[in-house]
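Listed below, chain by chain, are the residues.
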Amino acid sequence: MGSSAERRGSPSRRAKKEQIIEAAMEVLARDGLAACTARAVADASPLTKSAIHYYFDDMDEIIDGAMDRHMRGCLVRIGEAADRHERPADRFWAAVEAYLEIFAERPNAALLWFSYWVDVGQKGRLEPIDRMHRAMIDVLRDLLAEIPVDDPPRRAHALFSYLLGTLMQQAVRPLPFADLRPEIATVCRLDSALSL
């Protein structure tokens, strides 16, 4: 078995790693974090369990890659929702609504994210989830800065914290986005004219 750097090298190796990450994404989305084992990923891909161990050092590396890919997909969808609008306030509201819709469409997604968060915390490996959270906060910060609001970084952080809690509440008792907008406006200290 070669070093991790050697295993990353060639286009063929990168393609195999890509297949493994895509299979892990499928397993995570369908069955959750606990079910994402080397065997389950192998069953969802054209590769064997030993090939998975050859291309990756451990399952954490695979899961981090798959969760990062899920997050990037969310960011793309949020950006596309914002880009359909011209006015900064409309861009902001479309992005926030798209974020919540992603999780509403996939009820297990919020549980997957929180399971992942707990898992990396218990293992003392917070960097991957922190990087993903910062990416989302940066998007919110940029959208809020366009409006503009006072202290966009602080407002974006507060909004992200609010959204995390809202995801869990929505999984238990969903509320329409119209009911959440006034709370979001308060968290972001948006002018009442912009919050409608």
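Residues numbered from 1 in each chain as written. Predicted model: local features only at pLDDT ≥ 70, side-chain atom pairs only at ≥ 80, totals over all residues. Heavy atoms only, no water.

### Topic: the overall build of the protein chain
At step 1: Regarding its fold elements, the protein chain presents 10 helices and zero strands.
At step 2: Taken from the N to the C terminus, the helices and strands of the protein chain come in the order α-α-α-α-α-α-α-α-α-α.
At step 3: Seen through its principal axes, the protein chain has C-alpha atoms that stretch 60 × 35 × 30 Å.
At step 4: Residues counted as buried form 43% of the 196 residues belonging to the protein chain.
At step 5: Once local pairs closer than 6 in sequence are excluded, the contacts in the protein chain between residues at least 24 apart make up 64%.
At step 6: Counting only carbon and sulfur atoms, one obtains 54% of the accessible surface of the protein chain, whose full area is about 10,300 Å².
At step 7: Charge separation in the protein chain, taken as the distance between the mean sites of 26 positive and 30 negative side-chain charges, equals 4 Å. (Helix = DSSP H or I, 4+ residues; strand = E, 2+ residues; numbered from the N terminus. Buried < 20%, exposed > 50% of the residue type's maximum accessible area, 1.4 Å probe, protein only. Contact = heavy atoms within 4.5 Å. Areas by Shrake-Rupley, 256 points an atom, 1.4 Å probe, with all protein chains shown as cover. Lys, Arg positive; Asp, Glu negative; His and termini not counted. Charge placed at Lys NZ, Arg CZ, Asp CG, Glu CD.)

### Describing the state of the cysteines
At step 1: Applying the stated criterion across every chain yields a total of zero disulfides.
At step 2: Among the cysteines around C36, which has no disulfide bond, C74 carries the closest sulfur, lying 17 Å off.
At step 3: On the basis of relative accessibility, which here comes to 5%, the residue C36 falls in the buried class. (Disulfide = S-S within 2.5 Å.)

### Some points on empty space enclosed by the protein
To find leftover empty space, a probe the size of one water molecule is rolled over the atoms.
At step 1: Inspection of every chain in the model, using the stated rule, returns one cavity of 30 Å³ or more.
At step 2: One number sums up the size of the largest cavity: a volume of about 130 Å³.
At step 3: Sorting the residues of the lining of the largest cavity by element identifies α5 (59-83), α6 (88-105), α7 (107-122), α8 (127-146) and α9 (152-172) as the ones contributing at least two each.
At step 4: Grouping the amino acids of the lining of the largest cavity by side-chain chemistry returns 11 nonpolar, one polar and no charged. (1 Å grid on protein atoms, 1.4 Å probe; cavity = no way out; pocket = protein on both sides within 12 Å on 5 of 7 lines; lining within 4 Å. Points joined across faces, edges and corners; volume = space filled by probe spheres on them. Nonpolar A, V, L, I, M, F, W, Y, C, P; charged D, E, K, R; others polar.)

### Thoughts on the packing of α7 against α8
At step 1: Where α7 contacts α8, the two axes come as close as 9 Å, and the packing angle between them is 135 degrees. As the angle between them shows, α7 and α8 are arranged oblique. When α7 is examined against α8, the residues W113, Y116, W117 and V120 are found in contact with a partner set consisting of P128, I129, M132 and H133.
At step 2: Partitioning the contact of α7 with α8 into residue classes produces seven nonpolar, one polar and no charged. (Axes fitted to C-alpha atoms, helices over the stretch in contact; angles between N-to-C directions. Parallel < 35°, antiparallel > 145°, perpendicular 65-115°, else oblique.)

### Digging into the nonpolar core
One recurring pattern in soluble globular proteins: nonpolar side chains tend to sit buried together.
At step 1: With 67 residues, the main nonpolar core has F92, V96, Y99, L159, I184 and L190 as its most contacted residues.
At step 2: Apart from the residues lying within four places of it in its own chain, the contact partners of L159 are F92, V96, L140, I184, V187 and C188. (Core = buried A, V, L, I, M, F, W, Y, C linked by side-chain atoms within 4.5 Å.)

### As for the packing of aromatic side chains
At step 1: Under the defined criterion, the tally for this structure stands at six aromatic pairs.
At step 2: Ring centres of Y54 and Y55 lie 5.0 Å apart, and the angle between their planes is 85 degrees; on these two criteria the pair is classed as edge-to-face.
At step 3: For Y54, a relative accessible area of 26% translates into the label partly exposed.
At step 4: The interplanar angle of 70 degrees and the centroid separation of 5.0 Å between the aromatic rings of F92 and W93 together place this pair among those described as edge-to-face. (Phe/Tyr/Trp six-rings, centres within 6.5 Å; stacked < 30°, edge-to-face > 60°.)

### Quick notes on the pattern of salt bridges
At step 1: According to the stated counting rule, one finds 21 salt bridges in the structure shown.
At step 2: With a closest N to O distance of 3.5 Å, R39 and D43 form a salt bridge. Here the residue R39 and the residue D43 both occupy positions in helix α3 (residues 38-43), the gap between them amounting to four residues, near one helical turn.
At step 3: Residues D150 and R155 are paired through a salt bridge, measuring 3.8 Å at the closest nitrogen-oxygen approach.
At step 4: Judged by its relative accessible area of 6%, R155 falls in the buried class.
At step 5: Taken together, the shared-partner salt bridges connect D60, D64, D119, K123 and R125 into one network. (Salt bridge = Lys/Arg side-chain N within 4 Å of Asp/Glu carboxyl O.)

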